[in-house]
Amino acid sequence: MREFLEIENWEDFVKIAQNSNLVIRIDPYIFVYLYGLIFFIDLGKLADDDVKRLFQALKEKLILVKLSLIHI
């Protein structure tokens, strides 16, 4: 079972993300896998200016994943 740790401050989240090779955006969340832990931030809880700053800081690392359900 994995633990998900929520980071509320975008600046702290960037510090964690800079040390990770994997930063995934699945709206409205961004996930970072680091040292066996999964950290996340909820973009819906941030001010628009903070979201812009976060995207700017992570623009080289951020991967957007779009989820789609497939019915068989």
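So, a few notes on the structure that sits alongside this text. Please read these numbers as outputs of a predicted model, since none were measured by experiment.

Topic: the nonpolar core
Next, step 1: Grouped together as the largest cluster of nonpolar side chains are 17 residues, with contacts concentrated most on Phe-13, Val-32 and Leu-54.
Next, step 2: Broken down by secondary-structure element, the contributors of at least two residues to this core are helix H1 (10–18), strand S3 (29–34), strand S4 (37–42) and helix H2 (48–58).
Next, step 3: Sort the elements by how many residues they give to this core and H1 lands first, with five residues.
Next, step 4: Here Phe-13 is in contact with Ile-7, Ile-30, Phe-31, Val-32, Phe-39, Phe-40, Ile-41, Leu-54 and Leu-58, once residues within four sequence places are set aside.

Focus on the packing of aromatic side chains
Next, step 1: This structure, assessed with the given rule, holds four aromatic pairs.
Next, step 2: Judged by centre distance (6.2 Å) and plane angle (75 degrees), the ring pair of Phe-4 and Phe-31 falls under edge-to-face. Taken together, the positions of Phe-4 in strand S1 (residues 4–6) and Phe-31 in strand S3 put the pair 27 residues apart, joining distant regions of the chain.
Next, step 3: The structure contains a cluster of three or more aromatic residues connected by ring pairs, namely Phe-4, Tyr-29, Phe-31 and Phe-40.

Structural notes on the pattern of salt bridges
Next, step 1: Under the counting rule described, the total for this entry stands at four salt bridges.
Next, step 2: Salt-bridge contacts for Lys-45 lead to Glu-6; the nearest nitrogen and oxygen are separated by 3.0 Å. Within this pair, whereas Lys-45 is found in the loop between S4 and H2, its partner Glu-6 is found in strand S1, the two being separated by 39 residues in sequence.
Next, step 3: Classification of Glu-6 by relative accessible area gives partly exposed; the value is 34%.
Next, step 4: Asp-27 serves as the salt-bridge partner of Arg-25, at 2.7 Å between the closest nitrogen and oxygen.

What to know about the sheet that holds strand S5 (residues 62–64)
Next, step 1: Read from one edge to the other, the open sheet built from five strands follows the order S1-S4-S3-S2-S5, with strand pairing classed as mixed. Taken across any chain shown, the strands that pair with only one partner, and hence form the sheet edges, are S1 and S5. Ignoring which end each strand starts from, the neighbouring axes of this sheet average 30 degrees apart.
Next, step 2: Here S3 runs beside S4; their pairing, made up of six bridges, is antiparallel. Within S4, the position partnered with Ile-30 by the bridge is Ile-41.

How each quantity is defined
- Residues numbered from 1 in each chain as written.
- Predicted model: local features only at pLDDT ≥ 70, side-chain atom pairs only at ≥ 80, totals over all residues.
- Heavy atoms only, no water.
- Core = buried A, V, L, I, M, F, W, Y, C linked by side-chain atoms within 4.5 Å.
- Buried < 20%, exposed > 50% of the residue type's maximum accessible area, 1.4 Å probe, protein only.
- Helix = DSSP H or I, 4+ residues; strand = E, 2+ residues; numbered from the N terminus.
- Contact = heavy atoms within 4.5 Å.
- Phe/Tyr/Trp six-rings, centres within 6.5 Å; stacked < 30°, edge-to-face > 60°.
- Salt bridge = Lys/Arg side-chain N within 4 Å of Asp/Glu carboxyl O.
- Pairing = 2+ DSSP bridges.
- Axes fitted to C-alpha atoms, helices over the stretch in contact; angles between N-to-C directions.

Keep in mind that these numbers describe shape and distance, not what the molecule does.
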